[in-house]
Amino acid sequence: MPFTAAEVEKLVEDAESKIGSCSSLQGLTELRSQLMGKKSELSGFLRELGSLPKEQRELSGQLLNAAKKTLEDAVSVRRDALQELSRSQSLQRHRTDVTLPGVKFPSGSLHPVTLVERDMVNFFQSLGYSIEDGPEVDTDYNNFGALNFPDDHPARDTQDTFFVSGDQVLRTHTSNVQVRAMRGKTPPFRFVAPGRVYRHDLDPTHYPMFHQIEAFCVGSDVTFADLKGTLYAFARHLFGADVKLRFRAHFFPFTEPSAEMDFWWQDRWLEWGGCGMIHPTVLRNCEIDPQKYQGFAFGMGIDRTAMLKFGIPNIHRLFEGDIRILGQLK
Ligand code: PHE
């Protein structure tokens, strides 16, 4: 017999101890081919099987196969152990301390005009007004004509109005929404319309683009007292319960009677906006019978309110997009 059972046993024992002390996966792969590859002692024994007499062949074959299986198992147990070890080492290396403070990203904020506009719109919604929107480029008719501006009214002059082309203008006020929203509707209704408006005007308190909010209410028994009550409620909402308002007789082509209103701020009167009872001609232009229905309307700047609330002295600061300033106004 070319090999003895004791030799096989010794081979297995040596191999097992080598496998058990192997410390890397790469080393284990090399060791496996050393121990079980073509040039290994074990393969040598297996090749010799063929030359054995028949009666020995079966027994020796079983012995060698069992040895081979033992080694394979030992390799696979060691491989699992080494893999587990490397996984836990890598977990240890990449450990995340979940108690560390997170990375803070800078967060944006709404523009002061947006904040004030939303607050104003919310107030009117709580009184049952619906929001109405209108285009910033509109026809001369919706911005002026239907609102009873005579053709030669100075407000149409290039000093105030940006003419776009043909009969299109950049709206000079949100009152164009009155015409668009009322046309063909049957009262009663109440609308609020915030938005951008444009006038050819530039100094520290004026900007060629600014924001207005328009509110109008039409029904069969709407009076000037309703207008004043609504304005007072609005002013109290914005400036506090002790707010003082002042109405000055004024002229707008689209309201009669008309007034400008001011409110008392710190130690002086500030102009707030215009108001009045919607002119019968405007109602008629919108196919509403002024014998049956009356309404009030008012409009005021949003930017001025935002400037007061946030303490911004110059309207230009609002629209320059300077993040250092806007960042302070959350
Ligand atoms: N549209 C007027 C303005 O821009 C304000 C106003 C609105 C006046 C509604 C009366 C009624 O000055």
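See the structure shown above.
Residues numbered from 1 in each chain as written. Predicted model: local features only at pLDDT ≥ 70, side-chain atom pairs only at ≥ 80, totals over all residues. Heavy atoms only, no water.

Caption draft 1: A look at unusual backbone geometry. In this structure, the amide linkage connecting P187 to the following residue, P188, adopts the cis form with an omega of 5°. Within the element layout of this structure, P188 appears in the loop between α7 (176–182) and β5 (189–198). In this structure, the amide linkage connecting E256 to the following residue, P257, adopts the cis form with an omega of -5°. With respect to the element layout, P257 can be found in strand β8 (residues 255–265). Unlike most non-glycine residues, N148 shows phi in positive territory, near 75°. Phi is positive for E287, close to 60°, though the residue is something other than glycine. Turning to its location among the elements, E287 is positioned in the loop between α9 (280–285) and β10 (294–301). For E287, a relative accessible area of 60% puts it in the exposed group. (Helix = DSSP H or I, 4+ residues; strand = E, 2+ residues; numbered from the N terminus. Buried < 20%, exposed > 50% of the residue type's maximum accessible area, 1.4 Å probe, protein only.)

Caption draft 2: Fine view of the pattern of salt bridges. Per the stated rule, a full pass over the model turns up 11 salt bridges. Between D73 and K69 there is a salt bridge whose closest N-O contact spans 2.9 Å. With D73 and K69 both in helix α4 (residues 54–93), this residue pair falls four residues apart, about one helical turn. The exposure class assigned to D73 is partly exposed, which follows from its relative accessible area of 37%. Of the charged contacts, one joins D138 and R180 as a salt bridge, the two residues approaching to 2.8 Å between their closest N and O atoms. (Salt bridge = Lys/Arg side-chain N within 4 Å of Asp/Glu carboxyl O.)

Caption draft 3: Focus on the nonpolar core. Counting residues in each nonpolar core, the largest one holds 42 residues, and the members touching the most others are F124, L231, F234, W272 and F298. Discounting chain neighbours no more than four positions away, the residues touching F234 are M120, F123, F124, W272, F298 and M300. Residues V177, A181, F254 and V282 belong to the second largest nonpolar core, which totals 22 residues. (Core = buried A, V, L, I, M, F, W, Y, C linked by side-chain atoms within 4.5 Å. Contact = heavy atoms within 4.5 Å.)

Caption draft 4: Inspection of the layout of surface pockets at higher detail. Looking at the largest pocket, its volume works out to about 1300 Å³. In this structure, the largest pocket is lined by 48 residues; those nearest its centre are R199, H206, F210, Q212 and E271. For the lining of the largest pocket, the secondary structure elements donating two or more residues are β6 (209–219), β7 (245–252), β8, β9 (268–278), β10 and α10 (303–310). The element best represented in the lining of the largest pocket is β9, accounting for eight residues. Classifying every residue of the lining of the largest pocket by side-chain character gives 21 nonpolar, 18 polar and nine charged. Here the second largest pocket defines a volume of roughly 270 Å³. (1 Å grid on protein atoms, 1.4 Å probe; cavity = no way out; pocket = protein on both sides within 12 Å on 5 of 7 lines; lining within 4 Å. Points joined across faces, edges and corners; volume = space filled by probe spheres on them. Nonpolar A, V, L, I, M, F, W, Y, C, P; charged D, E, K, R; others polar.)

Caption draft 5: View of the site of the ligand. Near the ligand, the surroundings consist of 14 residues, among which H173, S175, R199, Q212 and G299 are the closest. A distance of 3.0 Å separates a nitrogen atom of the ligand from a polar side-chain atom of H173. R199 places a side-chain nitrogen or oxygen 2.8 Å from an oxygen atom of the ligand. For the ligand, the protein covers 91% of the area, taking 330 Å² as the surface of the free molecule. Taking a 2 Å distance to the grid points as the criterion, the majority of the atoms of the ligand fall inside the largest pocket. For the shell around the ligand, the elements supplying multiple residues, two or more each, are β6, β9 and β10. If one sorts the elements of the shell around the ligand by residue count, β10 sits on top with three residues. Considered class by class, the residues forming the shell around the ligand number five nonpolar, seven polar and two charged. (Near = heavy atom within 4 Å. Polar contact = N/O pair within 3.5 Å; in protein donor to acceptor, adjacent residues only side chain to side chain. Areas by Shrake-Rupley, 256 points an atom, 1.4 Å probe, with all protein chains shown as cover. Sits in = over half its atoms within 2 Å of the grid points.)

Caption draft 6: Quick look at helix α2 (residues 25–36). Over its 12 residues, α2 runs 16 Å from end to end, which matches the ideal 16 Å to within 8%, given 1.5 Å per residue. For α2, the complete set of buried residues consists of G27, L28, L31, L35 and M36. Summarising the axial view, the buried residues of α2 lie within an arc of 135°, below the 170-degree limit, and thus occupy one face. Turned more than 90 degrees off the buried face of α2, the exposed positions are Q26 and T29. Those residues of α2 that are buried are in contact with α1 (5–21), α3 (41–48) and α4. (Expected span 1.5 Å × (residues − 1). Arc of directions from axis to C-beta.)

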